[in-house]
Amino acid sequence: APVRPLSAVWAWPHSSSTPGAWACRTTAAMIFNFYIFDRKGTCMYYQEWNRPFNSFADMENSADEDQKLIFGMLFSLKELVSNMSPSKGTEGLHLVKTSRFTLHHLETASGIRFVLNTDSNTVGSLRSNLQHIYGHIFVEYVAKNPLYDPLSNDPIDSPLFERHLQTYLEGLSCFR
Amino acid sequence: QLEKMGYNIGVRLIDEFLAKGGVNTQCQDHRETADVIAKVAFKMFLGISADVTSWNSAGSQFSLLLYENPLTEFVELPPQYSGLIYSNVLCGAIRGGLEMVGIKVECRFVRDTLRGDEVNEIQVQIVERIEETMGEGYADNS
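The paragraphs below set out a description of the structure included in this document.

**Section: the overall build of chain A**
A count of helical and extended segments in chain A gives 3 helices and 5 strands. Tracing chain A from N to C terminus, the helices and strands come up as β-β-α-β-β-β-α-α. A burial count over chain A gives 45% of its 176 residues as buried. Taking as baseline every contact in chain A between residues at least 6 positions apart, the subset at least 24 positions apart corresponds to 57%. A total of about 9000 Å² of accessible surface is found on chain A, and carbon and sulfur atoms cover 56% of it.

**Brief notes about the sheet that holds strand β3 (residues 103–111) of chain B**
Residue and element names in this part refer to chain B. As summarised here, the arrangement of the 4 strands in space is β1-β2-β4-β3, forming an open sheet in which the pairing is antiparallel. Every other strand in the sheet has two partners, leaving β1 (51–53) and β3 as the edge strands with one partner each. Strand-to-strand, the axes of this sheet are offset by a mean angle of 30 degrees, without reference to chain direction. Of the strand pairs in this sheet, strand β2 (residues 61–66) and strand β4 (residues 120–129) are connected by 6 bridges, and their pairing is antiparallel. When the sheet's bridge partners are listed, Leu66 is paired in β4 with Asn120. On the sheet, helix α3 (residues 88–100) packs against β2, β3 and β4 and is oriented at approximately 165 degrees with respect to β3.

**Section: the interface of chain B and chain A**
Interfaces are often described in size by the accessible area the parts lose on coming together. On the side of chain A, 30 residues touch chain B, which itself brings 23 residues to the contact. There are 2 salt bridges connecting chain B and chain A. Between Glu140(A) and Lys20(B) there is a salt bridge, and its shortest N-O distance comes to 2.6 Å. At the junction of chain B with chain A, the criterion picks out 6 residue pairs in polar contact (both at pLDDT 80 or more). The greatest single-element share of the side of chain B that touches chain A, amounting to 9 residues, is contributed by helix α1 (residues 2–20) of chain B. Considered class by class, the residues forming the side of chain B that touches chain A number 9 nonpolar, 8 polar and 6 charged.

So, how was this worked out
Within each chain, residue numbers correspond to sequence positions counted from 1 in written order. Following the order in which they are written, the chains are lettered starting with A and the ligands numbered starting with 1. Thresholds applied to this predicted model are a pLDDT of at least 70 for local features of residues and 80 or more for the giving and counting of side-chain atom pairs; totals over whole chains, interfaces and linings are not thresholded and use all residues. In computing side-chain values, all of the structure's heavy atoms are included and hydrogens and water are not. Put simply, DSSP H or I for four residues or longer makes a helix, DSSP E for two residues or longer makes a strand, and each gets a number counted from the N terminus. Categorising residues by exposure relies on relative accessible area from a 1.4 Å probe, with only protein chains included: less than 20% of the type maximum marks a residue as buried, more than 50% marks it as exposed, and the intermediate range marks it as partly exposed. Whether two residues are in contact is decided by their heavy atoms, any of which lying within 4.5 Å being enough. What sets the accessible areas is the Shrake-Rupley method with a 1.4 Å probe; for residues, cover comes only from the shown protein chains. We call two strands paired when DSSP finds no fewer than two bridges between them. Lines are fitted to the C-alpha atoms to define the axes, a helix being fitted only along its stretch in contact, and any angle between axes, read from their N-to-C directions, falls within 0 to 180 degrees. For this document, the term salt bridge refers to a Lys or Arg side-chain nitrogen within 4 Å of an Asp or Glu carboxyl oxygen. Residues adjacent in sequence count toward polar contacts only when both atoms are side-chain atoms; beyond that, a polar contact is any pair of N or O atoms within 3.5 Å, and within protein one must be able to donate a hydrogen and the other to accept it. Gly is placed with the polar residues, together with every amino acid not listed as nonpolar (Ala, Val, Leu, Ile, Met, Phe, Trp, Tyr, Cys and Pro) or charged (Asp, Glu, Lys and Arg).

Take a look at the structure:
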C-alpha cells in the first residue's frame, strides 16, 4: 500500500466540516491500520494502509494472532485502568503511545472497540474521530443493516461501510 | 413472539442509542440506568417520556410508567385478542438493549391501556450484571 505522509504545517484542513479535523494539524502523520472488535474479542473489521514491518508475517494465521494480541492487551488493560483510577468513573483507555506508533482506542458501553494505529506525529487523541466513526459510520451502515446480527461472531461484510470508512479516514487532514 | 421481536430490535438499537443519545459511559448504578431508559431512550425513539417508580427495597426492580404509547395510538384490541400484550415489543427492546451493555433483566407489562388500565406500566426486574468474557479463540494455550 502506498505510504501517505502529510507534509508540513501548511496543510490546513480544507474542509472543516469533518469533525475532529483540527485534531491533527502537524508534520508528517500516517495511518497504519484500523480494527473493530466486538465484545467477545472477534475482530469484526480490519483495514491496513501502511504496515512496513509486521512481526507476524511469517506465522500462519498472522492476522488472527495480531488481532488476538491487540484485543488481549486491551482487555487486560481495561481491568487495570479501572482499578488504577484515582477517582470513580473512569472513561477507559484513550491511547497507547510509543515513539513509533500511537494506538487510539474507544470502547462503547456495548463493548464494541474501535482501534486506530497511527504514527506518533499525530498530536493528541483521535478519540473524537473514533466517536464519529461509531456514530455516523458504524451505526448507519452496520447497526442499521438488516443483515447484521450483533449476537453472531461474523465479521462486517458491507462494502458501503468500507467505502464510507475509508473516505472518512483518508479524508482526515492528518493523513492527506 | 412480540417480545422476541423486541429483543432483536433492542440488541441493534443499543448502538444507535449510545452513539447518538449522548450517554456513552456505564451508568454508575441501577437508578441511573432506569432514569436513562425513561428519559433519554424513550424520548429518543418514541418521543415520549416515562416515569420511573415503584423501586423495590433491594433496588433491583422498578417500573416504568408510560402515559402515552405511540404504538397504540390508533389501536383497539378486538375481543378475541384480549389476551394479547400488544406492546410487548417494548419489553423485548429494553431487555435486548440492556443485555448488550451487560445488564440482564426481565421485563413485563403489568398494566396496559389497551386492556383497560389508565396507564401503561412495564416492570423491569434486574437479574444480574453479565460478566465480560473473551471468546473461545482466547483460550489459554501458553
